[in-house]
Amino acid sequence: MLDRITGTLQFQGEALALRAQRQQVLASNIANADTPNYQARDFDFGQALQRAVSDPGVSHGARVDSSKGFLPIGASQSSSHPSMLWRTPQQPSIDRNTVDLDRERASFADNSLRYEATLRFINGNVRNVLSAIRGD
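Here we summarise the structure given alongside this text. Keep in mind that what you see is a predicted model, and the values were worked out from it rather than measured.

1. Notes on the packing of aromatic side chains
Consideration 1: Scanning the model with the defined rule gives zero aromatic pairs in all.
Consideration 2: A cation over an aromatic ring shows up here: Arg-19 above the ring of Phe-45, its NZ or CZ 3.6 Å from the ring centre.

Structure (structure tokens):
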């Protein structure tokens, strides 16, 4: 029973850490929206979480899913640092900046909501465990 609780909390902890990291990447993209030649970056959250949960601490190569509009930046990164991808622009700009503010803001808001949901799930699990320990 304790293994299930620990496993669930570890999974949610990994998800929370990756959500926070993605939030930083998206915020960086938004902050550089007016920077000439800035190339927007992101990472595939699902793939990064799968790698973090399956083989923590093991270095993984970047897999590319070009249908999602990304190109690989680095060849291999550890699970705590997901493989960063360049965002391919849907509409080129004159200054070669690939940040699409509408897309970045939507991704930022979506990631924020998912971060909050993950945090609430963790808090709920901890509250339930404490309640069980106390015998409530």
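Structure shown, so let's carry the discussion forward.
2. Quick word on helix 1 (residues 2–31)
Structural remark: α-helix, 3.6 residues per turn; residues separated by three or four positions point the same way.
Consideration 1: The first and last C-alpha atoms of helix 1 sit 43 Å apart over 30 residues, in line with the 44 Å expected at 1.5 Å per residue.
Consideration 2: Those residues of helix 1 that fall on the buried side of the exposure criterion are Gln-12, Ala-15, Leu-16, Leu-18, Arg-19, Gln-21, Arg-22, Gln-23, Val-25, Leu-26 and Asn-29.
Consideration 3: Looking at the packing, one finds that the buried side of helix 1 touches strand 1 (41–42), helix 2 (45–54), strand 5 (85–87) and helix 3 (101–134).

3. Description of the environment of Leu-49
Consideration 1: Structurally, Leu-49 is set in helix 2.
Consideration 2: Note: C-alpha distance between Leu-49 and Leu-18 (31 residues apart in sequence) is 7.2 Å.
Consideration 3: Setting aside residues no more than four positions away along its own chain, Leu-49 makes contact with Phe-11, Glu-14, Ala-15 and Leu-18.

4. Considering the pattern of salt bridges
Consideration 1: Counted according to the given criterion, the structure contains six salt bridges.
Consideration 2: Notably, a salt bridge pairs Glu-104 with Arg-87, separated by 2.8 Å at the nearest N-O pair. On the criterion of sequence distance, the pair formed by Glu-104 in helix 3 and Arg-87 in strand 5 is long-range, its members being 17 residues apart.
Consideration 3: Ionic contacts of the salt-bridge type, sharing partners, join the residues Arg-22, Asp-42, Arg-87 and Glu-104 into one network.

Criteria and cut-off values
- Residues numbered from 1 in each chain as written.
- Predicted model: local features only at pLDDT ≥ 70, side-chain atom pairs only at ≥ 80, totals over all residues.
- Heavy atoms only, no water.
- Phe/Tyr/Trp six-rings, centres within 6.5 Å; stacked < 30°, edge-to-face > 60°.
- Lys NZ or Arg CZ within 6 Å of the ring centre and 35° of its normal.
- Helix = DSSP H or I, 4+ residues; strand = E, 2+ residues; numbered from the N terminus.
- Expected span 1.5 Å × (residues − 1).
- Buried < 20%, exposed > 50% of the residue type's maximum accessible area, 1.4 Å probe, protein only.
- Contact = heavy atoms within 4.5 Å.
- Salt bridge = Lys/Arg side-chain N within 4 Å of Asp/Glu carboxyl O.

Without other data, these values stay purely geometric and don't point to any function.
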